[in-house]
Amino acid sequence: MSDQNSKISRRELLKAAGIAGVGLTTSHLIDAHAAQRNPSKNATMIGVKFEPRDVVRLGIIGVGLRGTDVLGEFLAIDKVVVNAVCDVVKDKCLRAAQLIEKAGQKTPGIYADGERDFERLVARDDLDFVYIATPWEWHVPQVLAALKNGKHVGTEVPAAYTLEDCWNIVNASEAARRHCLIMENCCYDHSETTVLNMVRAGLLGDLVHGECAYNHDLREILFEDKDEGLWRRRHHTLRDSNLYPTHGLGPMAMYMDINRGDRFDHIVSMSSTHLGLETYRKEHVPSIDPKWKEVYKTGDYNTSIIKTARGRTIMLQHNVSTPRPYDRINLIQGTKGIFRDYPPRIFIEGQEGGHTWTTLDKFKEQYESSLWKKQGEMARKLGGHGGMDYLMCYRLVQCLREGLEPDIDVYDAAAWSVPGPLSQLSVARGSMAVKFPDFTSGHWERRGKING
Ligand SMILES: NC(=O)c1ccc[n+]([C@@H]2O[C@H](COP(=O)([O-])OP(=O)(O)OC[C@H]3O[C@@H](n4cnc5c(N)ncnc54)[C@H](O)[C@@H]3O)[C@@H](O)[C@H]2O)c1
């Protein structure tokens, strides 16, 4: 690698991360550190606890499909009140208000007066935490508004999809001294929390490699004239990258102590051709539909490899546009064994039966997380994504009430989301390696681990 080529300017880098089709260079490694922090000397949010409180007062921005589901999870938790809801569609706010009243709570404040009415919601003085479940393009403006108004905030996934916005949320959280979380529910799923405990106990030995993905056939949803069909397909016309990296990568980051002893160092990425949405459109969309004007850019398969500072590798994949069963892969390999999900199976060196997979059954009792042991019945009853949605909300409320540090913070939100723009840059540059920024500013080396 030539030094000169690796020192690409911040402006150039952001430009490249924001557009597709940039020309190839001869450099082997692009340095995203060049687009690092602003000059502010904000103190880190690592180690900062929530202030304890008896009751958690919530505001919700976006009560479409996801926001309404998560509202239901929060309403099932003791000592949570939802004081305000916002959506550009008033009927969705009224539906949410009905659910809140049905749960025995006061009618919430309703904010449905246009795209920026969330600014009035975040200015209320009776909210401890704002949860955001809007289209991707709104996450960062809403996060920044909440932080500026002194609220802790949690956004749906991905938190941001440009490198600059990943830094913007880090800088804003540090400046406001308020937490900004990514609401990554897959970190609370049964397999992921059980495997995290097994990793912590050393059952798999020292970790060397992981594989993870969001492989989910969304074609029907993407072409609907409602809900995600109104905004999500558009992103396939804008970028060739991993559009949705966090469902697989969040749990992988927890296994590998990312930002807590290790960190993502660099990424290489490659996209396949795109035929999936075009084929679906041909078969399902009438030729007079305006959707025929759309030109898709996102490769059906985006496959990236990330190398960590401690020398581990992670294969990260995204595919939402071809027929296939759901799969987050969730594979973790150590020096003593390997786990692979979908379906869950394990191999530990020295086990009976030679080199074949075995079930997780005999490990479940010992390694199931305390969250699932204590709250699993309620989680399964509510059923949001098999129970993980309830456990994510339950754990957040526990941290807010007991004055704990959140499990997932703004550095995780940025590090798990940034493979979006970095994969875009790598794909545009013929799969060149791109360095990750260190959003923790060096704190990753000194920080403690998360327990399952
Ligand atoms: N974690 C998960 O498992 C999971 C599952 C589904 C969706 N999501 C995420 O949740 C988010 C929402 O997805 P969805 O499926 O609910 O989509 P949706 O289209 O059903 O809901 C989005 C809602 O936001 C509203 N909205 C749009 N602009 C707004 C604005 N400026 N202010 C207030 N409201 C606004 C829309 O009217 C709509 O009701 C996305 O980020 C998506 O990636 C996460």
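Positions within a chain are numbered from 1, following the residues in the order the chain's sequence is written. pLDDT decides what is reported in this predicted model: residues at 70 or higher carry local features, side-chain atom pairs at 80 or more are listed and counted, and totals for whole chains, interfaces and linings draw on all residues regardless. Computation of side-chain values covers all heavy atoms of the structure but excludes hydrogens and water.

## Looking at the packing of aromatic side chains
Condition: When the centres of two rings from Phe, Tyr and Trp lie within 6.5 Å, Trp using its six-membered ring, the rings pair. Their planes under 30 degrees apart give stacked, over 60 give edge-to-face, and anything left gives tilted. For the purposes of this entry, the term helix denotes a DSSP run of H or I that reaches at least four residues, the term strand denotes a run of E that reaches at least two, and both are numbered from the N terminus. Accessible area is worked out with a 1.4 Å probe on protein chains only. A residue is then buried under 20% of its type maximum, exposed over 50%, and partly exposed in between.
Here the structure, examined in full by the defined rule, presents 12 aromatic pairs. Judged by centre distance (6.1 Å) and plane angle (65°), the ring pair of Phe74 and Tyr131 falls under edge-to-face. Taken together, the residues Phe74 in helix α3 (residues 65-75) and Tyr131 in strand β5 (residues 129-132) connect sequence positions 57 residues apart. One exposure class covers both Phe74 and Tyr131, and it is buried.

## Here's the deal with the nonpolar core
Note the cut-off: What we call a nonpolar core is a set of buried Ala, Val, Leu, Ile, Met, Phe, Trp, Tyr and Cys residues that are connected through their side-chain atoms within 4.5 Å. Contact criterion: two residues are considered in contact whenever any of their non-hydrogen atoms come within 4.5 Å of each other.
Membership of the largest hydrophobic core comes to 121 residues, with the highest contact counts inside it found for Phe74, Leu121, Val130, Phe264, Ile332, Trp416 and Phe439. Contacts of Phe74, omitting those with residues within four sequence positions, involve Leu58, Val80, Tyr131, Met183, Cys393, Leu396 and Val397. The next biggest cluster of nonpolar side chains, apart from the first, holds six residues, and it includes Ala213, Met315, Leu331 and Ile338.

## Regarding the sheet that holds strand β15 (residues 433-435)
Heads up, the rule is: Whether two strands pair depends on DSSP finding at least two bridges between them. Here, axes are lines fitted to C-alpha atoms. For helices the fit covers the stretch in contact, and angles between N-to-C directions go from 0 to 180 degrees.
Pairing is mixed in the open sheet, where nine strands are placed in the order β1-β15-β9-β10-β11-β8-β12-β13-β14. If you trace the sheet from one side to the other, it starts and ends with β1 (29-31) and β14 (345-348), each paired once. For this sheet, the mean angle separating the axes of adjacent strands, direction not counted, is 15°. Sheet strands touched by helix α17 (residues 419-428): β1, β9 (264-271), β10 (302-308), β11 (313-319) and β15. Its angle to β9, the strand with the most contacts, is close to 55°.

## Some remarks on the pattern of salt bridges
Selection criterion: Whenever a carboxyl oxygen of Asp or Glu lies within 4 Å of a side-chain nitrogen of Lys or Arg, that contact is scored as a salt bridge.
Across all of its chains, the model carries 29 salt bridges by this definition. Where Glu119 meets Arg116, a salt bridge forms, and the shortest distance between an N and an O atom there is 2.8 Å. Using a relative accessible area of 37% as the deciding quantity, one classes Glu119 as partly exposed. Taking relative accessible area as the criterion, Arg116 reaches 43% and is therefore assigned partly exposed. When the shortest N-O distance is used, the salt bridge between Asp407 and Arg395 registers 2.9 Å. Highlighted residues: Asp407 in the loop between α15 (388-402) and α16 (410-417) and Arg395 in helix α15, separated in sequence by 12 residues.

## Considerations on the site of the ligand
The criterion, for reference: We call a residue near a molecule or strand when any one of its heavy atoms sits within 4 Å of it. Counting of polar contacts relies on pairs of N or O atoms within 3.5 Å, with two restrictions inside protein: one atom must be capable of donating a hydrogen and the other of accepting it, and residues adjacent in sequence are counted only when both atoms are side-chain atoms. Note on areas: Shrake-Rupley with a 1.4 Å probe; residue coverage comes only from the protein chains shown.
Contacts to the ligand come from 27 residues, most closely from Arg66, Asp87, Trp136, His139 and Glu228. In the environment of the ligand, an oxygen atom lies 3.4 Å from a nitrogen or oxygen atom belonging to the backbone of Gly64. For the ligand, an oxygen atom lies 2.9 Å from a polar atom in the side chain of Trp231. Contact with the protein chains hides 92% of the accessible area of the ligand, taken as 850 Å² for the molecule alone. Contributions of two or more residues to the shell around the ligand are made by α3 and α6 (136-148).

## Describing the environment of Lys148
With respect to the helices and strands, Lys148 occurs in helix α6. What makes Lys148 exposed here is its relative accessible area of 76%. In sequence terms Lys148 and Gln98 are 50 residues apart; their C-alpha atoms lie 30 Å from each other.

## Observations concerning unusual backbone geometry
Residue Pro158 is bonded to the preceding Val157 through a cis peptide linkage, with omega at -15°. Take Pro158: it is sitting in the loop between β6 (152-155) and α7 (163-176). Following Tyr342, the chain continues to Pro343 via a peptide bond in cis, the omega torsion being -5°. Summarising the element assignment, Pro343 is placed in the loop between β13 (337-340) and β14. A positive phi angle, close to 65°, is found at Lys79, a residue other than glycine. Within the chain, Asn330 stands out as a residue other than glycine whose phi angle is a positive 55°. Tracing the chain through its elements places Asn330 in the loop between β11 and β12 (331-334). Accessibility expressed as a relative area gives 4% for Asn330, which makes it buried.

## Quick word on the sheet that holds strand β3 (residues 80-86)
Spatially, the six strands line up as an open sheet ordered β4-β3-β2-β5-β6-β7, and their pairing is parallel. Two strands in the sheet have a free side with no partner beyond their single neighbour: β4 (109-111) and β7 (180-182). Neighbour-to-neighbour, the strand axes of this sheet turn through a mean angle of 25°, independent of strand direction. Here strand β2 (residues 56-61) runs beside β3; their pairing, made up of six bridges, is parallel. Within β3, the position partnered with Leu58 by the bridge is Val82. Along the sheet, α15 makes contact with β2, β3, β5, β6 and β7, crossing β2 at roughly 135°.

## Re α16
Every α-helical turn comprises 3.6 residues, leaving residues that sit three or four positions apart pointing alike. Most of α16 sits out of view: eight of its eight residues are buried. Of all the residues in α16, the buried ones are Val410, Tyr411, Asp412, Ala413, Ala414, Ala415, Trp416 and Ser417. For α16, the secondary structure elements touched by its buried residues are α7, β7, α11 (246-255), β9 and α17.

## A word on the pairing of β10
Here β10 shows one buried face, formed by Asn302, Ser304, Ile306 and Thr308, and one open face, formed by Thr303, Ile305 and Lys307. Taken together, the seven bridges between β9 and β10 define a ladder with antiparallel strand orientation. Residue Ser271 lies in a different strand from β10, and its bridge partner there is Asn302. Linkage of β10 to β11, two consecutive antiparallel strands, is achieved through a turn of four residues, within which Gly311 is found at a positive phi near 90°.

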